[in-house]
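An overview of the molecular structure
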Amino acid sequence: MGSRDGSCDATGQAIAPRPVFRPIRSEYAIAFARDYCLRLRSRYNDCELCAQACPARVLRITATTVELGEGCLRCGQCSAACPTSALQLDGFSIDAARVSAPSGSSLYIDCWKVPAADSPHDAIRVPCLGGIALHHLVQSHAAAEGRRLVLIDRGWCGQCSAGCGANHPAQETLDAARALLAELGVPEQALPRIESLPLLRARMPTEIPGPLAAQPLSRRKFFADITRNAARAIAPMAAGQPDDDAQSRRARIARIETTARSQLVAQAAALGARHGQPLPAELFPALRIADACCNHQVCAATCPTRALQAYRSEDGAAAGIAFDAAACIACGDCTRACPERALTLVPHGDGEVPRDATALTRWTLRECYDCGREFADSGSSSVCPTCRKTRELTRTSFSQLFGAARNPHG
């Protein structure tokens with residue numbers, strides 16, 4: 001049974017409270033949830049995807065937080081790169097009610113730098129198309145229900161400070177989305193694409209405008225945005241969750257419930273069911289385990305999503321490690337934490353799509369002959385690893401002391 005404060009689930013596993021997002025710098029409308037940052041949760045993780053994605057190079061990860069310097073472009077590319085959505089920016093959420101229209105029509109996605117009057121009617125406007133994450137693009141396709149997504153190329157990206165040179169900033173994400181959707185049975189004519197609708201270079205503003213300037217707001221939406229932003233600012237205080245060491249310790253052992261990949265898998269499953277196609281096996285990472293495993297279970301303790309979990313058989317005779325590929329984000333913490341380096345991660349699996357958690361190891365539970373404690377063993381030893389080491393140390397010490405005395409010359 002879970003704890004009174006709801007910090008554990010029915011199996012006794014720690015569950016993270018809803019992540020608390022705090023502004024990094026209020027003028028840039030970027031919020032950060034420390035509990036969800038892989039780099040800050042584990043000493044085995046060196047993730048810097050957000051910093052590497054930042055075109056302005058003003059984002060860096062310290063020992064305790066993410067810091068944002070002057071010159072942020074508000075392009076959202078850091079958030080799109082984060083595998084756990086620990087960074088969030090305003091302007092990238094998709095309102096499903098806005099995309100409903102006759103099937104067959106196009107749904108355009110345009111940049112905030114483009115004047116609202118120049119965007120197609122009912123277009124989705126985002127700060128930068130390079131800030132659209134893969135799961136958001138697939139989600140938008142699913143919400144459109146028959147409308148083809150069209151990302152607009154204004155011919156500005158090569159000169160934009162948030163651009164990617166000759167390539168459109170959303171090209172890589174678009175290619176990945178098209179490949180996945182095609183495997184899920186989406187016909188070619190319905191796949192999202194980029195369309196060139198050039199505007200004069202002189203019309204491009206230097207900076208990405210803020211939400212009030214970029215989006216024509218109704219009176220109702222204006223006050224709704226104020227209320228939402230105020231609630232976000234006071235939520236940590238109202239919830240009584242200060243950013244203290246105790247919360248940080250809880251976060252390190254708590255499970256990250258929702259990740260970018262878990263959202264992608266959920267959307268892919270829905271689309272596959274709609275088109276009568278199975279989920280692609282490459283969506284699910286694979287984990288191989290070698291005979292060198294000694295059942296330390298450090299891997300399970302380190303896993304941020306509990307894709308790896310320690311289990312015990314119903315009859316209590318065996319225990320081991322189980323792997324749930326659907327929850328795995330391929331962060332690699334388990335492989336780096338394993339003392340024996342017995343784990344090998346395959347980020348894009350192959351073969352059959354996993355349905356449930358499967359046992360990677362199975363160890364027989366025994367009672368140690370020396371200390372009486374229960375231990376797991378893959379062989380037939382009657383002594384636990386700790387006592388075996390003690391026996392070996394005793395044997396070595398005896399040999400060094402008394403063996404040397406009997407034969408001082410070796």
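Residues numbered from 1 in each chain as written. Predicted model: local features only at pLDDT ≥ 70, side-chain atom pairs only at ≥ 80, totals over all residues. Heavy atoms only, no water.

A few points about the nonpolar core
Formed by 77 residues in total, the largest nonpolar core has its most connected members in Leu59, Ile109, Leu129, Leu137, Leu279 and Leu308. In this view, Leu308 contacts Leu287, Cys299, Ala300, Cys303, Ile321, Ala322, Phe323, Cys334, Leu343 and Leu360; residues no more than four positions away in its chain are not counted. In this structure, Cys293, Ala319, Cys338 and Trp363 belong to the second largest nonpolar core, which totals seven residues. (Core = buried A, V, L, I, M, F, W, Y, C linked by side-chain atoms within 4.5 Å. Buried < 20%, exposed > 50% of the residue type's maximum accessible area, 1.4 Å probe, protein only. Contact = heavy atoms within 4.5 Å.)

Notes on the pattern of salt bridges
Applying the stated criterion to the full structure yields 13 salt bridges. For Arg193, the salt bridge identified is with Glu195, shortest N-O distance 3.0 Å. Asp370 is the partner of Arg391 in a salt bridge, and the nearest nitrogen-oxygen pair spans 2.7 Å. One end of the pair, Arg391, is in helix α12 (residues 385-406); the other, Asp370, is in the loop between β15 (363-367) and β16 (374-377), and 21 residues separate them in sequence. Classification of Arg391 as partly exposed rests on a relative accessible area of 38%. Looking at Asp370, the relative accessible area reads 39%, which means it is partly exposed. (Salt bridge = Lys/Arg side-chain N within 4 Å of Asp/Glu carboxyl O. Helix = DSSP H or I, 4+ residues; strand = E, 2+ residues; numbered from the N terminus.)

A word on unusual backbone geometry
Look at Arg57: it is not a glycine, yet its phi comes out positive at around 55 degrees. Structurally, the position occupied by Arg57 is in the loop between α2 (49-53) and β3 (59-61). What makes Arg57 exposed here is its relative accessible area of 58%. Positioned with a positive phi, Asn295 is a non-glycine residue whose angle comes to about 60 degrees. As for its placement among the helices and strands, Asn295 is situated in the loop between β10 (286-289) and α10 (298-302). Residue classification places Asn295 among the buried residues on the basis of a relative accessible area of 14%.

Regarding the sheet that holds strand β6 (residues 106-111)
Strands sit in the order β7-β6-β8-β9 across an open sheet of four strands; the sheet is parallel. Looking along the sheet, the strands with just one partner apiece sit at the ends: β7 (124-126) and β9 (193-196). Neighbour to neighbour, the strand axes of the sheet diverge by 30 degrees on average, direction disregarded. The sheet contact formed by strand β8 (residues 148-153) and β9 spans four bridges and is parallel. Pairing of Ile152 across the sheet is with Glu195, part of β9. Lying over the sheet, helix α4 (residues 134-144) contacts β6 and β8, oriented at roughly 130 degrees with respect to β8. Seen against the sheet, helix α5 (residues 171-183) touches β8 and β9 and runs at an angle of roughly 135 degrees to β9. (Pairing = 2+ DSSP bridges. Axes fitted to C-alpha atoms, helices over the stretch in contact; angles between N-to-C directions.)

Remarks on the layout of surface pockets
Of the voids in this model, the second largest pocket is the one considered here, and its volume is about 1,300 Å³. Around the second largest pocket sit 41 residues that line it, and Ala80, Ala81, Leu134, Glu172 and Ala176 are the ones nearest its centre. Elements with a contribution of two residues or more to the lining of the second largest pocket: α2, α3 (77-81), α4, α5 and α9 (260-275). Sort the elements by how many residues they give to the lining of the second largest pocket and α5 lands first, with seven residues. In the lining of the second largest pocket, the residues fall into 24 nonpolar, 10 polar and seven charged. (1 Å grid on protein atoms, 1.4 Å probe; cavity = no way out; pocket = protein on both sides within 12 Å on 5 of 7 lines; lining within 4 Å. Points joined across faces, edges and corners; volume = space filled by probe spheres on them. Nonpolar A, V, L, I, M, F, W, Y, C, P; charged D, E, K, R; others polar.)

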